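Geometric and topological summary
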Amino acid sequence: MSGIDTPNGRPKPRDDRRDNQDLPSIQPVAQDSAESDTEDPISEIDGILEHWTDRQHQFAEREAQAQAEAKRFLEGFVELSEHVIKPAMEQIIQRLRKDGGGGLIWEGASTTTHRPRLVLWMSLQGEIIGAPRQDLNPYLQLDADVAHRRIDVWEGDMWQKQGTSRAIAPWQLNEISTKSVTERVVGILERAARHGEAF
């Protein structure tokens, strides 16, 4: 039976409004409109791509600089070869021929590293017959190492099946002169001429 009995026996109507006042009130959740307007959950992508683009630009600049330096190095080596190294080698060959020996200049590129290469091959007696060889002929070999901006130097004093072939300290372009080339070759010939001496 709904309601409460009154003295006259009739039920008293319920006051639903009063009952509702006893229920807990539910307030709508208010959203922070300022936060929702400014927050960008994928904004970090902008920074990632910006950083990547900057690195790509820096890499391209370093690569362009390295290529420019390599070009200048090769141009410097070619100029030295034409005006300093080969003229010095040619003078040495002329003197060897005058004294009964011989020699030749080989110019090209390494078959393995493809570096520009210049080799002075020498003979203490007569001209070189056939292809010169490191185990037969004294020589001075200059390789242009573009990657490291240096001239790798190899020398050998083999004569009469005696002697050695070895790499020595590299040269910088500014270390190459007629004097440095001549002194190096004279040292090679001195060692080669001592092979076969009686003890």
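Read on for a plain summary of the structure. Values in this document were obtained by computation on a predicted structure and should not be read as measured data.

Criteria and thresholds
- Residues numbered from 1 in each chain as written.
- Predicted model: local features only at pLDDT ≥ 70, side-chain atom pairs only at ≥ 80, totals over all residues.
- Heavy atoms only, no water.
- Helix = DSSP H or I, 4+ residues; strand = E, 2+ residues; numbered from the N terminus.
- Expected span 1.5 Å × (residues − 1).
- Buried < 20%, exposed > 50% of the residue type's maximum accessible area, 1.4 Å probe, protein only.
- Contact = heavy atoms within 4.5 Å.
- Patch = residues over 30% accessible without salt bridge, like charges linked within 9 Å, V, L, I, M, F, W, Y side chains within 5 Å.
- Areas by Shrake-Rupley, 256 points an atom, 1.4 Å probe, with all protein chains shown as cover.
- Salt bridge = Lys/Arg side-chain N within 4 Å of Asp/Glu carboxyl O.
- Pairing = 2+ DSSP bridges.
- Axes fitted to C-alpha atoms, helices over the stretch in contact; angles between N-to-C directions.
- Parallel < 35°, antiparallel > 145°, perpendicular 65-115°, else oblique.
- Left-handed = near helix turned anticlockwise from the far one by under 90°.
- Nonpolar A, V, L, I, M, F, W, Y, C, P; charged D, E, K, R; others polar.
- Core = buried A, V, L, I, M, F, W, Y, C linked by side-chain atoms within 4.5 Å.

1. A look at helix 4 (residues 178–194)
Across its 17 residues, helix 4 extends 25 Å between first and last C-alpha, which sits within 8% of the 24 Å expected from 1.5 Å per residue. Within helix 4 the residues assigned to the buried category are Ser180, Val181, Val185, Gly187, Ile188, Leu189 and Ala192. Where helix 4 is buried, its residues contact helix 3 (44–98), strand 4 (116–123), strand 5 (139–145), strand 6 (150–156) and strand 7 (165–171).

2. Thoughts on a nonpolar patch on the surface
On the surface, a nonpolar cluster with roughly 400 Å² of combined accessible area is contributed by Ile42, Ile45, Ile48 and Leu49. Tracing the sequence through the fold places Leu49 in helix 3.

3. Structural notes on the pairing of strand 4
Of all eight residues that make up strand 4, six are buried, and the element is covered over most of its length. In terms of strand pairing, strand 3 (residues 102–109) meets strand 4 through eight bridges, oriented antiparallel. Opposite Glu107, over in strand 4, you have Leu118 as the bridge partner. Two successive antiparallel strands, strand 3 and strand 4, enclose a turn made up of six residues, where His114 displays a positive phi of approximately 60 degrees. In terms of strand pairing, strand 4 meets strand 5 through five bridges, oriented antiparallel. Its bridge partner lying in strand 5, Val119 is registered against Gln141.

4. Topic: the packing of helix 3 against helix 4
Helix 4 packs onto helix 3 with a crossing angle of 40 degrees between their chain directions and a minimal axis gap of 9 Å. Between helix 3 and helix 4, the angle is such that the two are oblique. At the point where helix 3 passes helix 4, the crossing takes the right-handed sense. Judged by residue contacts, Val84, Ala88, Ile92 and Leu96 of helix 3 engage Thr178, Val181, Thr182, Val185 and Leu189 from helix 4. For the contact of helix 3 with helix 4, the per-class residue count stands at seven nonpolar, two polar and no charged.

5. Quick notes on the nonpolar core
In this structure, Ile85, Met122, Leu140, Leu142, Ile151, Ile176 and Val185 are the most contacted members of the largest nonpolar core, which totals 25 residues. Of all the elements in the fold, those that place two or more residues in this core are helix 3, strand 4, strand 5, strand 6, strand 7 and helix 4. Once residues lying within four places of it in the same chain are set aside, the contact partners of Met122 are Ile92, Leu96, Gly102, Gly103, Ile128, Asn137, Pro138, Tyr139, Leu140, Val185, Ile188 and Leu189.

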